[in-house]
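Reading the structure
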Amino acid sequence: MSLTAGIIGLPNVGKSTLFNAITKKNILAANYPFATIDPNVGIVTVPDERVEVLENIYLPERTIPTTYEFIDIAGLVKGASVGEGLGNKFLSHIRQVDALVEVVRCFEDNNIIHVDGSIDPLRDIEVINIELILSDLEIILSRIGKISKKAMTTKNVYDLKEIELLERIKSALEKNIPVRKMNLDEEEKKIISSFNLITLKPIIYAANVGEENISNGNVYTNKVIEYAQKENSEVVIISAKIESELAELDDDDKKVFLGELGIDASGLDKLIDKTYKLLGLATFFTVGSDEVRAWTFKKGMKAPECAGIIHSDFERGFIKAEVMSYSDLITCGNEIKVRENGKMRIEGKDYVMQDGDICHFRFNV
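Quick look at the structure, then. A quick note: this is a predicted structure, and the numbers were derived from the prediction, not measured.

1. Notes on the nonpolar core
- Counting residues in hydrophobic clusters, the biggest one holds 56 residues, and the most contacted among them are Tyr68, Phe70, Leu100 and Tyr205.
- A total of five residues in this core trace back to one element, the largest contributor, which is strand β6 (residues 203-208).
- Not counting the four nearest positions on each side in its chain, Tyr68 is found in contact with Leu3, Ala5, Gly42, Ile43, Val44, Val46, Val101, Ile272 and Thr275.
- Listed in part, the 19 residues of the second largest apolar core include Ile147, Ala172, Leu173 and Phe195.

As structure tokens, this is what we get:
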């Protein structure tokens, strides 16, 4: 499973600069199983030093890291939900993503005119959020219109439960409260899962700053952080300009540049890391002389489900999983010594996968 995030934001906040930096880092190498990518999609690798270590141990023919897919939602402006600008054309795309990345302008630059004439990150956030809320409200109202009469007539328990939930969501949206702040339980989320409500998705605010504020932020980023804390969202301080420059460098030069800036990781890497934590994601590995590969899974998934990420036949015909932890492999030095030390485990269908598990799945279809 690949992680997909939709990048949203007003014009002139640095969204295009950030997305261009992402597309420069696209990993469309010959050994990666992608063909063509839509122009508004960028794919980058998820930073994980464990992949490189495993590559050095197994010396495979190819190495495939797990990936992060960004979808650029172009032209989102005030009124997008009712057809203003170009944003409404892309709102359907954003319904399929796992998380939202809202780029917020937190820098001063007289050469880049703000669409509203002044720098105010909280105002910008509210403008975008209201457009997303209005878009969701349209879907909810449409659904209520379709099933309310039927529910009242048939008194079907499931339909009545859905109507009650939809009315609660409608009430919240009309008060400009995003669905993610309603604390819905898993059953309620399942009822509305087919609607792909945008405001139910977790959101990370990318506070775009100038180079001088990349380490400690500024008065604008402080406001964004305070706002995000109230809704249990995340904030990453990022400089789209710096990310654009980093995208042109190789790994060694990148480390030198980051050191000169006084930071240990790029904003893009921090963004990916926080998204993983926000969505409760982790990584397992498959290894061998032919391929070392990282796979993304959701914490709590069992071994057969993770096997199914590789191929549906693996889950359908799952027998067992041969598992060792990454830490045990590093401690022992190689796979043979892992076995000699009794650290290689045979796990069954009820095994809950852990971050860093290295697996060989046995199946029969």
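Structure's up, so let's keep going.
2. Brief notes about the sheet that holds strand β4 (residues 67-72)
- The mixed open sheet is built from six strands, whose spatial order is β2-β4-β1-β5-β6-β7. What marks the edges here is a single partner per strand, and that holds for β2 (41-45) and β7 (234-238). Each strand of the sheet is rotated relative to its neighbour by a mean of 25°, with strand direction disregarded.
- Sheet topology note: the strand β1 (residues 3-8)/β4 ladder contains five bridges and is parallel.

3. Let's talk about the pattern of salt bridges
- Per the stated rule, a full pass over the model turns up 25 salt bridges.
- Notably, a salt bridge pairs Lys241 with Glu245, separated by 2.9 Å at the nearest N-O pair. Taken together, the residues span about one helical turn, with Lys241 and Glu245 both in helix α8 (residues 240-246) at a distance of four residues.
- Classification of Glu245 as partly exposed rests on a relative accessible area of 31%.
- In this structure, Glu335 and Arg339 form a salt bridge, with 3.3 Å as the shortest nitrogen-oxygen distance. Of this pair, Glu335 and Arg339 both sit in helix α14 (residues 335-340), four residues apart, which is roughly one turn of that helix.
- For Glu335, a relative accessible area of 26% gives the class partly exposed.
- Arg339 sits in the partly exposed class, given a relative accessible area of 41%.

4. Focus on the side chain of Thr199
- In this structure, Thr199 sits in the loop between α6 (186-191) and β6.
- Here the side chain of Thr199 touches Val179 through a polar contact of 3.1 Å, landing on its backbone nitrogen.
- Setting aside its immediate chain neighbours within four residues, Thr199 contacts Leu132, Ile133, Asp136, Leu173, Pro178, Val179 and Arg180.

5. Examining the packing of helix α4 (residues 121-154) against helix α7 (residues 219-230)
- Direction vectors running N to C along α4 and α7 enclose 45°, while the axes themselves pass 9 Å from each other. Considered as vectors, α4 and α7 are oriented oblique to each other. Where α4 approaches α7, its residues Pro121, Leu122, Ile125, Glu126 and Asn129 are matched on the opposing element by Tyr220, Lys223, Val224 and Tyr227.
- Classifying every residue of the contact of α4 with α7 gives six nonpolar, one polar and two charged.

6. A short note on a negative patch on the surface
- A cluster of acidic residues, Glu49, Glu52, Glu55, Asp250, Asp251, Asp252 and Asp253, forms a negative patch at the surface.
- Elements with a minimum of two residues in the negative patch: α2 (49-58) and α9 (251-261).
- Relative to the helices and strands, Asp251 is located in helix α9.

About the criteria used
Residues numbered from 1 in each chain as written. Predicted model: local features only at pLDDT ≥ 70, side-chain atom pairs only at ≥ 80, totals over all residues. Heavy atoms only, no water. Core = buried A, V, L, I, M, F, W, Y, C linked by side-chain atoms within 4.5 Å. Buried < 20%, exposed > 50% of the residue type's maximum accessible area, 1.4 Å probe, protein only. Helix = DSSP H or I, 4+ residues; strand = E, 2+ residues; numbered from the N terminus. Contact = heavy atoms within 4.5 Å. Pairing = 2+ DSSP bridges. Axes fitted to C-alpha atoms, helices over the stretch in contact; angles between N-to-C directions. Salt bridge = Lys/Arg side-chain N within 4 Å of Asp/Glu carboxyl O. Polar contact = N/O pair within 3.5 Å; in protein donor to acceptor, adjacent residues only side chain to side chain. Parallel < 35°, antiparallel > 145°, perpendicular 65-115°, else oblique. Nonpolar A, V, L, I, M, F, W, Y, C, P; charged D, E, K, R; others polar. Patch = residues over 30% accessible without salt bridge, like charges linked within 9 Å, V, L, I, M, F, W, Y side chains within 5 Å. Areas by Shrake-Rupley, 256 points an atom, 1.4 Å probe, with all protein chains shown as cover. Lys, Arg positive; Asp, Glu negative; His and termini not counted. Charge placed at Lys NZ, Arg CZ, Asp CG, Glu CD.

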